[in-house]
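Chain by chain, the residues:
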Amino acid sequence: MVVCMGGKDKRMEDYAKYLHQVLHEPENSVYEEGTKDLRNLSASEGRYCMYKVGSALSVSHGMGMPSFQILLNELFKLLAYAECEDVSFIRLGTSGGLGIEPGTTVVSKQGYSSMLKPYFTQVVCGKETNYESMCDESLRSQLLACGKRLGTKIVAGNTMSCNGFYEEQGRLDGAMCTFTPEEKMAFLRKAHDECGIVNIEMETNMFAAMCNRFRVKSASICVTILDRMNGDAAGITEAEYKRRERQPLEVVAELIKSSST
């Protein structure tokens, strides 16, 4: 089973419908009664969406690590109760690039914190514990191969995950800013040059650590909307944004399709 996760409800609903089409409407999908409309299995709670398409789940996780960590705990328990085996978790979404061409898709090697630490720090009962945040190497290799097969511009690199979108990512365009453009650039250059970080988002560091703790494979694949070395706003059309946003979805669909044949 492959569990596909992304931030937005609409993105993951659309992705479920796309997978349903790509996989030729697998019979073991879950539908609304008496229809061929995919059923949102989490609709009654309203906190996230979840669709089952063949042997895949398409689930939204919200924005940032706290909401995502709640979802992972609930999904881990659900899959354990269902006695599912050989499960892979894949996060897909968008990100800001660092020193790479906008539109490049990044498959994460390791998740770094915004303090540029190569691990996730979990606080339990007032005490900090650091957990390994490497993504699965074999799953990463498969995604890279699928991307290249599709002609996607795709690379592997480290990913920084932040608890905020503006100040913590070194953005100058938020409502508040307490640092200079020079400080911003020094931080981004250090992340890229010393840590091998090629994109920034808000989840992979925690996601990889949680999957390692639960002993399931994880991968994070995100397209870069802009190069943060050159600014904080993308400046692209809505059509171009949607085209880039679709790239990781297509790569993961290729992986699922090739695994099911």
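Up top you'll find the structure we're talking about.
Residues numbered from 1 in each chain as written. Predicted model: local features only at pLDDT ≥ 70, side-chain atom pairs only at ≥ 80, totals over all residues. Heavy atoms only, no water.

Participant: Help me out: how do you make sense of the packing of helix α2 (residues 65–81) against helix α5 (residues 204–214) in this one?
Facilitator: It is the contact of α2 with α5, at a shortest axis distance of 10 Å, that shows an interaxial angle of 25 degrees. Between α2 and α5, the interaxial angle falls into the category roughly parallel. Considering how the two elements wind past one another, α2 and α5 form a crossing that is right-handed. Between α2, through M65, F68, Q69, L72, N73, F76 and A80, and α5, the contact on the second element is made entirely by M206, F207, M210, C211 and F214. Its residues assigned to classes, the contact of α2 with α5 shows 10 nonpolar, two polar and no charged. (Axes fitted to C-alpha atoms, helices over the stretch in contact; angles between N-to-C directions. Helix = DSSP H or I, 4+ residues; strand = E, 2+ residues; numbered from the N terminus. Parallel < 35°, antiparallel > 145°, perpendicular 65-115°, else oblique. Left-handed = near helix turned anticlockwise from the far one by under 90°. Contact = heavy atoms within 4.5 Å. Nonpolar A, V, L, I, M, F, W, Y, C, P; charged D, E, K, R; others polar.)

Participant: Could you clarify how one ought to interpret the pairing of strand β1 (residues 2–6) in this entry?
Facilitator: Side chains on a regular strand alternate between the two faces of the sheet. Burial analysis of β1 places five of its five residues in the buried class, which makes it a mostly covered element. Here β1 shows no split at all, with V2, C4 and G6 on one side and V3 and M5 on the other all buried. Where β1 meets strand β3 (residues 56–60), five bridges bridge the pair, whose relative direction is parallel. Residue G6 lies in a different strand from β3, and its bridge partner there is S60. (Buried < 20%, exposed > 50% of the residue type's maximum accessible area, 1.4 Å probe, protein only. Pairing = 2+ DSSP bridges.)

Participant: Mind showing me how you'd approach the environment of A82 here?
Facilitator: Summarising the element assignment, A82 is placed in the loop between α2 and β4 (88–97). Here the alpha-carbon distance between A82 and N28, two residues 54 residues apart in the chain, equals 15 Å.

Participant: Hey, could you run me through the pattern of salt bridges in this one?
Facilitator: If charged atoms from side chains of opposite charge come close, those side chains can pair. The final tally for this structure, using the stated rule, is 15 salt bridges. Across the pair E245 and K8 runs a salt bridge, and its minimum N-O distance is 4.0 Å. Of this pair, E245 sits in helix α6 (residues 238–259) while K8 sits in the loop between β1 and α1 (9–22); the two residues are 237 residues apart in sequence, bridging distant segments of the chain. K8 sits in the partly exposed class, given a relative accessible area of 43%. For E201, the salt bridge is made with R91, and the minimal N-O distance between the two is 3.0 Å. (Salt bridge = Lys/Arg side-chain N within 4 Å of Asp/Glu carboxyl O.)

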